[in-house]
Amino acid sequence: MKLHEHQAKELLRDYGLPVPLGVVCLSPPEARKACEAMGPVVIKAQVLVGGRGKAGGVKVARNPDEAEMIAGNILGMDIKGLTVGKVLVEPALEIADEIYVGVTTDRAGRCNSLMISAAGGVDIEQVAEETPEKIARIRINPALGLRDFQVRQAVFQAGLRPEVIAAAPKILQGLYKAYIALDANLAEINPLVVTSDGQVIAADAKIVIDENAEFRQSALEKYKDTSADDPLEAKAKEIGLNYVRLFGTVGIMGNGAGLVMTALDEVKRAGAEPANFLDIGGGAKADIVTAGLGLILSDANITVLMINIFGGITRCDEVARGIVAARKTLDIRIPQVVRLTGTNEEEGREILRGADGITPAGTMEEAASTAARLASTGR
Ligand code: GDP
Ligand code: MN
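Residues numbered from 1 in each chain as written. Chains lettered and ligands numbered in written order. Predicted model: local features only at pLDDT ≥ 70, side-chain atom pairs only at ≥ 80, totals over all residues. Heavy atoms only, no water.

**Focus on the coordination of the manganese ion (ligand 2)**
Part 1 of the argument: Here the manganese ion (ligand 2) is held by Asn 190 (O) and Asp 204 (OD), and the distances to it run 2.2 Å. Of the two residues, Asn 190 sits in strand 10 (residues 184-195) while Asp 204 sits in the loop between strand 11 (200-202) and strand 12 (206-209), which places them 14 residues apart along the sequence.
Part 2 of the argument: Judged by its relative accessible area of 12%, Asn 190 is buried. (Donors = N, O, S within 2.8 Å, 3.2 Å for Na, K, Ca; no water. Helix = DSSP H or I, 4+ residues; strand = E, 2+ residues; numbered from the N terminus. Buried < 20%, exposed > 50% of the residue type's maximum accessible area, 1.4 Å probe, protein only.)

**Some points on the pairing of strand 6 (residues 87-91)**
Two faces make up the sheet, and in a regular strand the side chains alternate between them.
Part 1 of the argument: Most of strand 6 is tucked away, with 4 of its 5 residues classed as buried.
Part 2 of the argument: Sheet analysis places strand 1 (residues 23-25) next to strand 6, joined by 3 bridges and oriented antiparallel. Across the sheet, residue Cys 25 finds its bridge partner in strand 6, namely Val 87. (Pairing = 2+ DSSP bridges.)

**Quick word on the domain arrangement of the chain**
Part 1 of the argument: When cut into domains, the chain gives domain 1 (21-91), domain 2 (95-223) and domain 3 (231-377).
Part 2 of the argument: A separation of 25 Å is found between the C-alpha centroids of domain 1 and domain 2.
Part 3 of the argument: In this assembly, 4 residues from domain 1 lie in contact with 4 residues from domain 2.
Part 4 of the argument: Counting the surface lost from both domain 1 and domain 2, the interface buries some 310 Å², and carbon and sulfur atoms represent 31% of this.
Part 5 of the argument: It is Lys 44, Arg 52 and Lys 54 that lose the most area in domain 1 upon contact with domain 2, and together they represent 78% of the buried surface on that side.
Part 6 of the argument: Scanning the region where domain 1 abuts domain 2 turns up 2 salt bridges.
Part 7 of the argument: Between Lys 54 and Asp 123 there is a salt bridge, with the nearest N and O atoms lying 2.5 Å from each other.
Part 8 of the argument: Viewed at the interface, domain 2 and domain 1 are joined by 3 residue pairs in polar contact (both at pLDDT 80 or more).
Part 9 of the argument: Here the side of domain 1 that touches domain 2 is composed, by residue class, of no nonpolar, no polar and 4 charged. (Domains from an automatic or database assignment. Contact = heavy atoms within 4.5 Å. Buried area = accessible area lost by both parts, 1.4 Å probe. Salt bridge = Lys/Arg side-chain N within 4 Å of Asp/Glu carboxyl O. Polar contact = N/O pair within 3.5 Å; in protein donor to acceptor, adjacent residues only side chain to side chain. Nonpolar A, V, L, I, M, F, W, Y, C, P; charged D, E, K, R; others polar.)

**Here we look at the layout of surface pockets**
Part 1 of the argument: Each pocket or cavity is described by its volume, and for the largest pocket that value is around 960 Å³.
Part 2 of the argument: Lining the largest pocket are 39 residues, and of these Arg 52, Val 122, Asn 190, Pro 191 and Asp 204 lie nearest its centre.
Part 3 of the argument: Elements with a minimum of two residues in the lining of the largest pocket: strand 2 (41-45), strand 3 (58-61), strand 7 (95-106), helix 4 (124-130) and strand 10.
Part 4 of the argument: Of the residues assigned to the lining of the largest pocket, the class counts are 20 nonpolar, 6 polar and 13 charged.
Part 5 of the argument: The space that makes up the second largest pocket amounts to roughly 830 Å³. (1 Å grid on protein atoms, 1.4 Å probe; cavity = no way out; pocket = protein on both sides within 12 Å on 5 of 7 lines; lining within 4 Å. Points joined across faces, edges and corners; volume = space filled by probe spheres on them.)

Set out below in structure tokens:
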């Protein structure tokens, strides 16, 4: 779950981070009024996507007239497919330096990591890609937490200016505390600004909450905004299906997370791109199978369907009958490859062989290579 910048800032303020005092505005006149009270302001699109600055969603207004006009331009703007419905208006900062700081889940390190770079700002992705040595990374022992000596080590390694070195411990410890307390998998300030008069302020804030922890973060429920969610993933959540949208053309369904993940790998290995992950679980009934197939098929990119089933408790002949029936009820016209293994697999495959548009397969490799071949010939 992603939080909006203004929400993240609100939360980080409680952890002692220096955050500008802004107001959220829904209309140009509100932005004008805010500017009348604050003097020069920065007006920032509040959408759940990065790169707003480069997209023209962050602009400085020197007076109320400009504020009203700029807010009018940004409100309603489309940024990467999301419509801007609110802006954050804050006193503009005189920026001397932009620093990157972030805490994130480090899967390779099996811990949380702190990252700092003197090369913060809108080009941090490029820095990470081209000159990763400019980003200091400190692994945090989960039992010990972030130690002060580690903070010092990080700021020296990053080559920060003296005024930042002085302000850093409080900011970094606060950020880490917030990250842990909020069950985040990302808490990031980019840029942490050094102003021309030497103040250090969080000009931007990004927090992503681990979805698996949402149940114990009930205070964050009010922040939930589904506008940036993928519509198919949202629908899947509604009907209780384990579905992740990907970008390819091979629709995939299986009963068991491992089975589906392996199917994704095999499809890739066969030279095609999976369109989704969908695990319908063991012992799924016909209505779940139908709902799952319906979901996959509402992705317009799909040119072939690959089903990967292990028949344990549910017998393969029963599964096969279900698949053949679903092809009729859902009026599926794209080719379907079905890999069945387990109890009564031969009977199952025999049933599939009799159906139009369905190719049975005995192994996952065979299913994946058939699916890849069919995908390349198109719908
Ligand atoms: P992002 O592009 O979505 O990450 O949005 P940011 O909030 O990081 O803003 C992008 C850039 O706008 C920053 O890197 C700054 O260079 C600039 N910016 C942000 N706030 C201010 C401000 O108060 N004053 C000025 N002059 N520039 C700002
Ligand atoms: Mn930013």
